[in-house]
Amino acid sequence: MNIAANNGVWSGSWVAERLGVELVGDDGLTALLGLALRRNPRRAHLLVSNVLGKHVPQSPSVVYGHGFALGRRVRDLLGEREARQAVVLGYAETATGLGHSVADGIGLAPYLHSTRRPVAGVTPAGGFEESHSHATSHLLLPEDPALLSGEGPLVLVDDEFSTGNTVLNTIRDLHTRYPRKRYVVVALVDMRSSADAGRLTDFAREIDARVDLVAAASGTVKLPEGVLEKGQELVARYEERAATGASSSAGASGLVAQFPAPLPGVALGADYQSPYPGARGTARSAPTGPHPDDNRTNHRSHLTRVALHWPHGLPDGGRHGFTPAHRRRLEAALPLMAARVAEALPPGARRVLTLGFEELMYTPLRIARELEALVAAEVRYSTTTRSPVLAVDDPGYAIRSRLVFPAHDNPADGPGERYAYNVAGAGFDAVVLFVDSAGDTPELHAPGGLLDRLGAHAPHVLLAAVPSYVPALPEESPAMLPEPLRGPAFSSYPAEDVGWLLQDLSDVTLEAPTEEREEAIQSGGAHYAESLPVEYQPSEQYQALFHAALETSAARIAQAVGVVTETVMAERSPRPVLVSLARAGTPVGVLMRRWAQFRYGVDLPHYAVSIVRGRGIDANALRWLAAHHDPRDVVFVDGWTGKGAITRELADAVLEFEARTGVSGFDPEIAVLADPGSCVRTYGTREDFLIPSACLNSTVSGLISRTVLRADLVGPDDFHGAKYYRELAGADVSVAFLDAVAARFAEVTEAVDAAVKELAVADRTPTWEGWAAVERISEEYGIHDVNLVKPGVGETTRVLLRRVPWKILARAGAGADLDHVRLLAEQRGVPVEEVGELPYTCVGLIHPKYTRGATGADGRAVNV
């Protein structure tokens, strides 16, 4: 038998002739679909897709291309804004790979597929029934329950849309839990009858939501009266003949049902490494007696295990959710994994099958597509299945042969038969079987198991196991962590703008005179985070400078906010969890959140956490974030970079946190409004200009103090602390600052888009030139301590507001960006020295002589 091609015969003609079934619809419908028969009390015929990669081996580029093209159509239907908010849900088992490919076509959509494999400790976020299927119950097991709770469109993907029952069951269940305004149903073929065609519209009206349908082709199946009983009788007759080992002509057309010969043993190659004791390099004995489905040949196969080197922690598919960040990791790893498979193929192989495993469709598909470009062989792709279908060896029938083998993944519903169709007799020189580690069991390797069955029909069998991804169950917390603090009880920001992962120390006296703090800090007697400076009260002249600076720079800040937010959403996550480093990062985090609302209607979560130089980030805040969000979606946000000390501090702290807790996924790279120090890849600008929020302290940061970390106030299971200065409400400009910048969003949109395109192709590799400049200045001025050199407008302002300044270095010709610096320097008696060659607009130098004698009684600097 040769089932490599059907020689131009439609693979549905056998069923059509015998049952009177007629396929009517688009011109390309019969190219997409064939027909087969199955034993099913609800529907005897089976539509068999030629481009799904399930029952019919097909080019992986064709399979992936159909799903990707459907995703592009969905993106065009939704528009850019709604496409960014979309979530894609695929149906197990048949459409798991199709749904994932659709998500790729949409671009930034996270993906989840239903599953029939429960996972201990993972609570279902929903479930539904598939009424016409042989195995009906579906579970939804997202690792992040918030995946389904957004307001953006939900895109539901199945291989065919027939009655609409499955989709209606799904939407009904999910809409009760997570209502939304728009759904898109995607299928390779829309095969609804005229009676079913209006149900979707009626249902949409019932739930007050829009429901669209996107399909590659449409048509209907015309069924004569009594077709179900006639089909069941035909299936029973052929199965009886198969069981008795007989064969007979099927009529004038010479159609024959296939019956196999006994299975020979499988000789395992010397390079095969079995995971089971006593199995290495040994031949397996054949099962006794014939099996009615295999169409066996009489050769022995060599089995080779292929080490893919799957990326650590990367999900094997969408069973628990697959994010754009996961997609980027997979895309980067695919070429090398495919190359390892190519190297393991036998020389001269002309026809290769890559075979997936039930719900594990997408990973084998993507590797197969890469393999197709690497080797000269003809590569085909299909997957094993639970679905029982009658096999008839005829060009006019879609299922020409089937392999039957026992389930090998310890299924929750008990043992049972599984199938691989159109593999036997297809002339494959090699079969590459992909399983996840849950399916790499003794049953897979046992006599009569899948590997044994494949070995009867291909001279070479390769096995590639992908680690089964199981969500990390939340570790038992040392103590229950409180929920974030929010305004107006804590901070003057609206509650939705930011949640503070801090504890309120407002009733504790923490302020100390600046000179006492400086002496204690520089002498090593205290850490700067153990006390707070007395809040600077700006004069009327200084406040006027702030408002003038805000007026002139609001558009420039708005553009930088837009650029950094768009970059984060394109490259890091379409739904990032913004985590600002309190407190300079917090206004920036709020503005980024507002940009996402303005541009895409997305409400991004935003939290503020404490990071302390020399002591790292608040580990309990990370623990809280990991318990409530996917760490891979967390994007740390700060206002600006100076020399990059906090950038390095965060990277070290995240590594230490992962090593200590085992919780991984946090990306330590900071996204900043301005990166004059060239310390990060994600920024709004690298210019060193005045960000007005740097001019003030708490009164532009929600009335929140610097963060505090002191052993007698912050226990091992506590968040770091901070104060809320309610008494300064009369001078508060926090919301006014945000409103002034956000008001300029619309006018900078085009400039933002142009800048983002330029950044996307630019070399943004950090050069750390700021750190080098600080080291040079430290030595030139005899300071010999980089911690006392604070580069950039923002850091210089902090020196003047909180520390004991020694002198200010200003780039020659610096204009209005330094008006407030000059005023503060004048008020504190600090000299401003113009410097010709300076990589920053200005640099603040902290007094290197740290005794209280460094300043006079009035707090003014003493020249030395």
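Computed from a predicted structure; not experimentally measured. (Residues numbered from 1 in each chain as written. Predicted model: local features only at pLDDT ≥ 70, side-chain atom pairs only at ≥ 80, totals over all residues. Heavy atoms only, no water.)

We now examine helix α7 (residues 199-207). Buried within α7 are the following residues: L200, F203, A204 and I207. Seen from one end, α7 has its buried residues packed into an arc of 105°, which puts them on one side. In this structure, α7 carries R205 and E206 as exposed residues pointing more than 90 degrees from its buried face. Against β8 (154-161), α5 (165-177), β9 (182-190), α6 (194-197) and β10 (210-222) lie the buried residues of α7. (Buried < 20%, exposed > 50% of the residue type's maximum accessible area, 1.4 Å probe, protein only. Helix = DSSP H or I, 4+ residues; strand = E, 2+ residues; numbered from the N terminus. Arc of directions from axis to C-beta. Contact = heavy atoms within 4.5 Å.)

Now for the sheet that holds strand β18 (residues 499-500). Taking strand neighbours across the sheet as the criterion, the 6 strands line up as β18-β23-β22-β26-β27-β28 in an open arrangement whose pairing is parallel. One side of each edge strand has no neighbouring strand; the edge strands of this open sheet are β18 and β28 (682-685). Of the pairings in the sheet, the one linking strand β27 (residues 670-674) to β28 comprises 3 bridges and is parallel in character. Within the sheet, the bridge partner assigned to A674 lies in β28 and is T685. Relative to β28, helix α14 (residues 540-571) is tilted by about 160°, and along the sheet it contacts β26 (634-640), β27 and β28. Helix α17 (residues 645-661) rests against β22 (577-581), β26 and β27 of the sheet, and its axis sits at about 165° to β27. (Pairing = 2+ DSSP bridges. Axes fitted to C-alpha atoms, helices over the stretch in contact; angles between N-to-C directions.)

Taken together, the buried positions of helix α18 (residues 734-742) are S734, F737, L738 and V741. Projected down its long axis, α18 shows its buried positions confined to an angular sector of 95°, all on one face. On the buried face of α18, the contacting elements are α14, α15 (585-600) and α19 (745-761).

Following the criterion strictly, the structure yields 13 aromatic pairs and no others. Connected via pairs of aromatic rings, a cluster forms that spans F490, Y493, W500 and Y724. The ring of Y64 carries the charged tip of R366 above its face, separated from the ring centre by 4.5 Å. Residue placement shows K807 over the ring face of W806; its charged tip is 4.6 Å from the ring centre. (Phe/Tyr/Trp six-rings, centres within 6.5 Å; stacked < 30°, edge-to-face > 60°. Lys NZ or Arg CZ within 6 Å of the ring centre and 35° of its normal.)

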